[in-house]
Amino acid sequence: MTASASVTNPNPAASSVATATRLADELIHGTHWVSSALVGAALLMWLVAMGVFLTHPLTELPLYFAQRYLVLDATSLLFIVVINTVFLGIGVYLYSRQRHTPTLARDIRSRAALMLLFMAVINIGLMANHLVLLWALIEVSTLCAAPLVARGNAANPQAVAWRYMLYSAMTLAITFLGFMALTQSAHLRGVEVSFMVDRMGESLTRAPDAWQRLGLSFMLFGLGGKLGLAPLYGWLPETYEAAPTTTSALLASVQFNISVVAVFRILQIFHGFEAGFVSQELLVMGYLSLVVAAVQIMASSNYKRLIAYACVSSSGVIALGLSVGKAAAYGVVLYIVSNAFVKSLLFLTAGRMRAVYGTNAVGPLSGVIRTLPMSGFLFSIGIFALLGFPPFASFLAEMLILSGIVQAGKLLAFTLMCVMLTVIFVATGRTVFPMLWGAPKVTVTAPPQSWVTLLPKLGFVGVLVMLGTYTPDPFNDLLRAVAVSIGG
Amino acid sequence: MNAASNPTLPLVACLIATVIPVFFGKLAVAPTWLSLQALALGWIALNKHHALDFHTLEAGLEVLIIRAGLVPHLLRRTLQGTRAAALDVMPSNLFAWGVAVALIILAFQFGDGARADVRALTLGVIAATVTMAFLVLATNREPVAQLVALLFMENALALFESLMPEPWPLPVHLAISGVYVGTVAVGSWLIRGQLASGILAPKPIEDDS
């Protein structure tokens, strides 16, 4: 079907742009400063993060403060820089969308407040040097995010937000059971356990210890659920699909990373202990996640859900990389950093497509690149980066992970991972490429997109290309330091 | 040893306050059982710290104000006037009861023989409470019942502190209390929202930035 033979889209959201803008203008009256303040706060946080990064050489780290409950080390510094950069982009995007989105204009005060609280909690959590404090802050961040998820446009967003909260509480309860088992292990050996990250290793034993293994197993299993690893991934696709796009981006790029840091902390504590056991557990969860993602992406007819399952697949790649240990550590860290920008780019672009087409379904979106050239182009770039194409950082990272798996002598693991990634590539392409480059089926009225809306997405693309082609030395050193801390 | 300083009694009280509502309780009475669990937690904390130091005071205030007072009150408000208040915490049938009994026995096996010492009994009570909470989550689709299960689970995690040689430091305490209050506050808000959206028409599709 050609564009001239197309039918008019009956969707009221797309055909009444002027009405929506007028309504938003009325609602925005008296709240226009909120999104500006949000951008100001995000900019301030980013400047502080970059300032700390530029003024603190790695040789000066770690720095302990707040009675050693907080620590600034390579891990916390890297993720503070990454999440605050992503948040600045999300804040600018939200600012640019407020004028055209009545629901956003109405809710902007509460959403901005919750986002800032969420970011404050995550920033503190990234620096936590106490495992139980980190655990509690991850849960608090979920409690801040649940009301944001409930602002979505799903049939019953509160029910989705409730299930998100419930899953999170359950996975974190399993993690806590791990803490209990470690305490019992230490008690039975007559050792006092401290949950301070830098001291906890002293209470571990190299001798076979069932309680210690149980504790480690529960902690990784529970945190794997927060990362969206199978089998506890059920909350992720539903939540990412139902939440507003900025919230999906926050969850996928910011909250995901605090869970990654929690896993890194466990690996740092267990450095030299139970390496084989950790490897086995991560390997199983990683493969399960890749298989689940491959099957679900094949069956997906919804582009937001497809991105969500791609997040499950990314978690699987990360788990597989971590299971190899030293050989793939740098690749894993680069992959995680790159993924934060890829996911944000995809979700924010998906938000624009939904705004224009009024649906998350792939069917009516044929020929996006002709109707929305810029969004179509950015979505293509996001998908290519997600699938690990050059010149993006994810390409380099996946290559490093795969070569690490080969170096570790796990050829079966290498083969299986290649097969699963190929299936995911084909399934994603089969769904997304006709959506982007097919003949348009409907005619839609696309409201103009301001350069401010495009700015954060173009920034994310710039970061992805930069990480894949030329990584500045200070940042590269930081990535290496984190890789070394997790056994690289 | 007098009854007040016997550490076994508050642990048994805590277990009873968990098991009875799961087997026989209605959701309307769940806030009262939560208060009783909290008082048992307070009793355990008092037993552990005989002198009135800063931590005892802080733990006592947390238990009285937050766990025994504020959170049950918020839960009671959520339950007011809802159909869910008249429902069981866990569906009453022989299968669910059988599973619950098996889980409690297993929990005390996990506690390494509950009669061995107070530590083992504490582990058994924690494990029993957590497994009961998971069982309620698995058998009851009613959001209020699931919220009650989460709160039971968090009380069990709070009981874990009594196994530590030193009490949690203040920042950890504050964060855990924040999680407890946040769970009931956000959970109640979401549950009321679900009830309201069940009555209202679906929202029109628009930009969801």
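Everything here concerns the structure above.
Each chain carries its own residue numbering, running from 1 in the written order of its sequence. In the order they appear in the text, chains get letters beginning with A and ligands get numbers beginning with 1. Residue-level local features of this predicted model are given only where pLDDT is at least 70; pairs of side-chain atoms are given and counted only at 80 or more, and the full residue set underlies all totals for whole chains, interfaces and linings. To obtain the side-chain values, all non-hydrogen atoms of the structure were included, while hydrogens and water were left out.

(A) Main features of the overall build of chain A. When you go through chain A residue by residue, the secondary structure sums to 20 helices and four strands. Taken over the C-alpha trace, chain A has a radius of gyration of 22 Å; the compact-globule value for 488 residues is 23 Å, and the two agree within 12%. Each of the three principal axes of chain A carries a C-alpha extent, and together these read 75 × 50 × 45 Å. Here the term buried applies to any residue with accessible area under 20% of the maximum for its type, exposed to any over 50%, and partly exposed to those in between, with areas from a 1.4 Å probe on protein chains only. In chain A, which comprises 488 residues, the proportion classed as buried is 64%. A sequence separation of at least 24 residues applies to 82% of the contacts in chain A between residues at least 6 apart. When the accessible surface of chain A is split by element, carbon and sulfur atoms take 68% of a total near 16300 Å². By definition, any uninterrupted DSSP run of H or I lasting at least four residues is a helix, any uninterrupted run of E lasting at least two residues is a strand, and each is numbered from the N terminus. C-alpha atoms define the radius of gyration, and 2.2 Å times the number of residues to the power 0.38 defines the globule rule. What makes two residues a contact is simply this: any of their non-hydrogen atoms within 4.5 Å. All accessible areas in this document rest on Shrake-Rupley with a 1.4 Å probe, and a residue is counted as covered only by the protein chains that are shown.

(B) Structural view of the overall build of chain B. Along its length, chain B carries seven helices and zero strands. Across chain B, helices and strands are ordered from the amino to the carboxyl terminus as α-α-α-α-α-α-α. The buried share of chain B, taken over its 209 residues, is 55%. A separation of at least 24 residues holds for 77% of the contacts in chain B among residues at least 6 apart in sequence.

(C) Region of the structure containing the packing of helix α17 (residues 393-407) of chain A against helix α18 (residues 411-437) of chain A. All names here are of chain A. Where helices are involved, their axes are fitted lines through C-alpha atoms of the stretch in contact, as for all axes, and angles between N-to-C directions lie from 0 to 180°. Following both chains from N to C, one finds α17 and α18 inclined at 150°, their axes separated by 8 Å at the closest point. Here α17 lies roughly antiparallel to α18, going by the angle between them. Residue-level contacts link E398, I401, L402, I405 and V406 of α17 to L411, A413, F414, M417, C418 and L421 of α18. Looking at the contact of α17 with α18 residue by residue, the class counts come to ten nonpolar, no polar and one charged. Working rule for angles: under 35 degrees goes down as roughly parallel, over 145 as roughly antiparallel, 65 to 115 as roughly perpendicular, anything else as oblique. Charged means Asp, Glu, Lys or Arg here, nonpolar means Ala, Val, Leu, Ile, Met, Phe, Trp, Tyr, Cys or Pro, and polar covers whatever is left, Gly included.

(D) Expanded view of the interface of chain A and chain B. Counting from both sides, the interface comprises 57 residues of chain A and, opposite them, 41 residues of chain B. Defined in terms of a 1.4 Å probe, buried area is the accessible area two parts forfeit on being brought together, summed over both. Interface area for chain A against chain B, summed over the two sides, is near 4400 Å², with a carbon-plus-sulfur share of 72%. The three residues of chain A that bury the most area against chain B are N153, W162 and M180 of chain A, which together make up 15% of that side's buried surface. Here a polar contact means two N or O atoms within 3.5 Å. Within protein one must be a hydrogen donor candidate and the other an acceptor candidate, and residues neighboring in sequence count only if both atoms are side-chain atoms. Scanning the region where chain A abuts chain B turns up three residue pairs in polar contact (both at pLDDT 80 or more). Only α4 (74-97), α5 (102-127), α6 (131-149), α7 (157-188), α9 (210-227), α11 (245-269) and α14 (329-357) of chain A provide two or more residues apiece to the side of chain A that touches chain B. With 18 residues, the top contributor of residues to the side of chain A that touches chain B is α7 of chain A.

(E) The packing of aromatic side chains, seen in detail. When the centres of two rings from Phe, Tyr and Trp lie within 6.5 Å, Trp using its six-membered ring, the rings pair. Their planes under 30 degrees apart give stacked, over 60 give edge-to-face, and anything left gives tilted. Scanning the entire structure with this criterion turns up 21 aromatic pairs over all chains. Here the aromatic rings of F341 of chain A and F460 of chain A are separated by 5.8 Å at their centres, their planes lie at 55°, and the arrangement is tilted. Here F460 of chain A lies in helix α19 (residues 451-469) and F341 of chain A lies in helix α14, a separation of 119 residues in the sequence. Residues F384 of chain A and F433 of chain A carry aromatic rings whose centres are separated by 6.0 Å and whose planes lie at 35° to one another, so their mutual orientation is tilted. Here F433 of chain A lies in helix α18 and F384 of chain A lies in helix α16 (residues 373-386), a separation of 49 residues in the sequence. Given the relative accessible area of 24%, F384 of chain A is considered partly exposed. F433 of chain A gets classed as partly exposed once you look at its relative accessible area, which sits at 23%. Clustering of aromatic rings is evident, with ring pairs tying together W135, F176, F179 and F195 of chain A together with F160 and W168 of chain B. For a lysine, the NZ atom is tested; for an arginine, the CZ atom; a charge sits over a ring if that atom is within 6 Å of the ring centre and within 35 degrees of the ring normal. The positively charged end of R68 of chain A is found above the aromatic ring belonging to Y64 of chain A, 4.0 Å away from the centroid.

(F) Geometry of the environment of R151 of chain A. All names here are of chain A. Assignment of secondary structure puts R151 in the loop between α6 and α7. Among the residues examined, R151 registers a relative accessible area of 22% and is labelled partly exposed. When the C-alpha atoms of R151 and Y303 are compared, they prove to be 20 Å apart, with 152 residues separating the residues in sequence.

(G) Fine view of the nonpolar core. All names here are of chain A. For this analysis, a nonpolar core means a set of buried residues of the types Ala, Val, Leu, Ile, Met, Phe, Trp, Tyr and Cys, connected via side-chain atoms within 4.5 Å. Ranked by size, the top nonpolar core spans 251 residues in total, and within it L78, F195, F379 and M417 carry the most contacts. The element contributing the most residues to this core is α14, with 19 residues. Beyond its immediate sequence surroundings of up to four residues, M417 is in contact with Y287, L290, V317, L320, I401, L402 and I405.

(H) Expanded view of α18 of chain A. Residues and elements named next belong to chain A. Helix span, as expected, comes to 1.5 Å for every residue beyond the first. Between its terminal C-alpha atoms α18 stretches 37 Å, which fits the 39 Å expected from 27 residues at 1.5 Å a residue. Bend angle per residue: angle between axes fitted to the 7 residues ending at that residue and the 7 residues starting there. Bending of α18 peaks at approximately 30° at the position of G429. Close packing links the buried residues of α18 with α12 (275-299), α13 (303-324), α14, α15 (368-371), α16 and α17.

(I) Summary view of the side chain of N155 of chain B. Residue and element names in this part refer to chain B. Along the chain, N155 falls in helix α6 (residues 143-159). Within polar-contact distance, the side chain of N155 engages the side chain of Y180 at 3.3 Å. Ignoring any residue separated from it by four or fewer positions in sequence, one finds N155 in contact with L34, Q37, L41, R67 and Y180.

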